[in-house]
Amino acid sequence: MDRNHARARRRARTSGRAGGRRRWWSLLGFVTVVFCAAVIGGLGARDSSTVYAGLEQPAWAPPAGVFGPIWTVLYAMIAVSGWLIWRRGGFGPALWAWSAQLAFNAVWSPLFFGAGQYGLAFADIVLLWSAVGGTVLLSYPISRAAATLLLPYWAWVSYAALLNLAIWQLNA
């Protein structure tokens, strides 16, 4: 009888370790997906600093050097948020909304910087803003931490949407 209990405890420990490893590998998967979205956006927006500097901008526009550090932190938060949504809710509506916001995010830079389509970029960022908001609302019952991690992103996208609109109007 004691041998059976000892075997069961060993199996539980071993499967717990394997589950922990899988959990961390899945986080790496979410980091990779977010990184790919960032790369897609970056590839479609070569020389974005030069393009940004050449635009007529509102007085409240940030310097180009601010964007990289902010997006690095936001992308990390987006990845962890998606991972938490997936871990607790699986592939449900919240994760689909998370996926949609990531797709809109990847498209914005090529539209704005690559194609110079400020109006289309604004339409995209409105959809992005809506998808982030939907993700926050849908993920809150699943994981408050996941929803909270997206709030700075939602705030930044709000600011970026206003900046996009102003740049569109100033450069039309």
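Residues numbered from 1 in each chain as written. Predicted model: local features only at pLDDT ≥ 70, side-chain atom pairs only at ≥ 80, totals over all residues. Heavy atoms only, no water.

Visitor: So what exactly am I meant to see when it comes to the overall build of the protein here?
Guide: Looking only at helices and strands, the protein features 6 helices and 0 strands. Along its sequence from the N terminus, the protein presents helices and strands in the succession α-α-α-α-α-α. When each of the 172 residues of the protein is scored for burial, the buried share is 36%. Once local pairs closer than 6 in sequence are excluded, the contacts in the protein between residues at least 24 apart make up 76%. (Helix = DSSP H or I, 4+ residues; strand = E, 2+ residues; numbered from the N terminus. Buried < 20%, exposed > 50% of the residue type's maximum accessible area, 1.4 Å probe, protein only. Contact = heavy atoms within 4.5 Å.)

Visitor: Is there a simple way to think about the side chain of Ser-109 in this case?
Guide: With respect to the secondary-structure elements, Ser-109 resides in helix α4 (residues 93-114). Take Ser-109: its relative accessible area is 18%, and that puts it in the buried class. Setting aside chain neighbours within four positions, we find Ser-109 in contact with Gly-41, Gly-44, Ala-45 and Gly-114.

Visitor: Just to check I follow, could you spell out the packing of helix α3 (residues 67-89) against α4 for this structure?
Guide: Helix-helix packing is described using two parameters, namely the angle between the two axes and the distance between the axes. Remark: α3 packs on α4, axes separated minimally by 9 Å, with the N-to-C direction vectors making an angle of 155°. As judged from the angle between their axes, α3 and α4 are roughly antiparallel. For the crossing formed where α3 meets α4, the hand is left-handed. Along its contact with α3, which presents Trp-71, Tyr-75, Ile-78, Ala-79, Ser-81, Gly-82, Ile-85 and Trp-86, the element α4 presents Ala-94, Leu-95, Trp-98, Gln-101, Leu-102 and Asn-105. Residues that form the contact of α3 with α4 fall into these classes: 10 nonpolar, 4 polar and no charged. (Axes fitted to C-alpha atoms, helices over the stretch in contact; angles between N-to-C directions. Parallel < 35°, antiparallel > 145°, perpendicular 65-115°, else oblique. Left-handed = near helix turned anticlockwise from the far one by under 90°. Nonpolar A, V, L, I, M, F, W, Y, C, P; charged D, E, K, R; others polar.)

Visitor: What should I look at first to understand the side chain of Asn-105 in this one?
Guide: Along the chain, Asn-105 turns up in helix α4. Its relative accessible area of 6% is what places Asn-105 among the buried residues.

Visitor: Explain helix α5 (residues 118-139) here, please?
Guide: Across its 22 residues, α5 extends 31 Å between first and last C-alpha, which sits within 8% of the 32 Å expected from 1.5 Å per residue. Considering only its buried residues, α5 is in contact with α3, α4 and α6 (144-170). (Expected span 1.5 Å × (residues − 1).)

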